[in-house]
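# Commentary on secondary and tertiary structure
Each chain, letter by letter, is given below.
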Amino acid sequence: MPDLYAVFGNPIAHSKSPAIHASFAASTSQDMVYEARLAPLDGFAPAIAEFVAAGGKGANVTVPFKEDAFRLATRLSDRAARAGAVNTLAFADGEVFGDNTDGAGLVRDITLNLGYSLNGRRILLLGAGGASRGVIAPLLAEKPAALFIANRSAEKAVKLAEDFSDIAPVNGGSFADLAGKSFDLLINATSASLAGASLPLPPGLFAPGALAYDMMYGKGETPFLLQAREQGAARGADGLGMLVEQAAEAFFVWRAVRPQTAPVLADLRAKLAG
Ligand code: NDP
């Protein structure tokens, strides 16, 4: 019997994770299957219990269950404890190990795939929700010169910055607080474009050579990347690489094997474009 894995979410039908992990398993000769499972909104823990009873070895967790998974874990990685959310579970010997690979996925995409070193850079993180919280510690581990978090609800950004200020100086505030500042890397971790809204970014925000990174992805240029290009960003990248890299990191947690990500990313990119 192949080892059993799954991604849990609600909704889940759109998930690209089964295809990504099937490619990883084939390229590394791992005997495993990976399914998409819809969990009821009020029934995440029973769905996981049933999966473990059926022999499930590990799971990915997506919207809206990352905080439920955090509470379910009996042991947490440092990065999951910091993130306050879990996107990767591993089940062994009665233990539920919770990890969070989103931040590592973002950092690997930026540093390895895009070849952009974070060391010494001035970083602006837009948004103060779950995705933003998950990537702060891994970003700070790369030793940027500065990290500023801007959010529509400014108090959430200020609180988030405080939560990580024991690692390195982090500041938070409103979009208006960005006036007069400039950054080398701007990361969009808001869901503004889902609502068709553009972000109130003041002029002059993009330093020469700046990279704009959107955690969102889709067919063609995302609304944030279009706005960034119009406001002077030198380069843009969407979050498809982060998606593939967080999956590879989860695969490594489960199988202790690091799959090649470039072919999988190229394949997904071609499918999105088509
Ligand atoms: P949350 O719902 O937790 O947070 C949403 C954030 O967006 C908040 O900071 C919110 O501000 C802000 N926001 C929403 N609407 C607007 C608007 N109209 N104007 C300005 N700010 C707005 O979402 P997540 O943090 O979980 O996810 C954020 C994005 O990141 C999503 O689009 C998600 O798809 C993407 N993501 C991508 C991943 C990948 O692998 N590529 C992984 C994880 C997430 P406020 O606090 O004021 O409400």
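This text goes with the structure placed above it.
Residues numbered from 1 in each chain as written. Predicted model: local features only at pLDDT ≥ 70, side-chain atom pairs only at ≥ 80, totals over all residues. Heavy atoms only, no water.

## A look at the sheet that holds strand β4 (residues 75-76)
Taken in spatial order, the 6 strands make up an open sheet running β2-β1-β3-β5-β6-β4, and their pairing is mixed. Where the open sheet ends on each side, the last strands, each with one partner, are β2 (32-38) and β4. Where strand β3 (residues 56-61) meets strand β5 (residues 88-92), 3 bridges bridge the pair, whose relative direction is antiparallel. Among the inter-strand pairings, Asn60 is bridged to a residue of β5, identified as Thr88. Against the sheet, helix α2 (residues 44-53) touches β1 (3-9), β2, β3 and β5, its axis set at about 170° to β1. On the sheet, helix α9 (residues 240-255) packs against β1, β2, β3, β5 and β6 (95-99) and is oriented at approximately 10° with respect to β5. (Pairing = 2+ DSSP bridges. Helix = DSSP H or I, 4+ residues; strand = E, 2+ residues; numbered from the N terminus. Contact = heavy atoms within 4.5 Å. Axes fitted to C-alpha atoms, helices over the stretch in contact; angles between N-to-C directions.)

## Details of the sheet that holds strand β7 (residues 122-126)
Read from one edge to the other, the open sheet built from 6 strands follows the order β9-β8-β7-β10-β11-β12, with strand pairing classed as parallel. Looking at the sheet topology across the chains shown, the edges are occupied by β9 (170-173) and β12 (235-238). On average, each strand axis in the sheet is tilted by 20° relative to the strand beside it, whichever way the strands run. Packed on one face of the sheet, helix α5 (residues 102-113) meets β10 (183-188), β11 (206-214) and β12 and runs near 135° to β11.

## Considering α2
The complete set of buried residues in α2 reads Phe44, Ala47, Ile48 and Phe51. Down the axis, α2 shows its buried residues gathered within 95° of arc, on one side only. In this structure, α2 carries Pro46, Glu50 and Ala53 as exposed residues pointing more than 90 degrees from its buried face. Buried residues along α2 sit against β1, β2, β3, α3 (66-72) and β5. One or two positions beyond α2, positive phi appears at Gly55, with a value near 100°. (Buried < 20%, exposed > 50% of the residue type's maximum accessible area, 1.4 Å probe, protein only. Arc of directions from axis to C-beta.)

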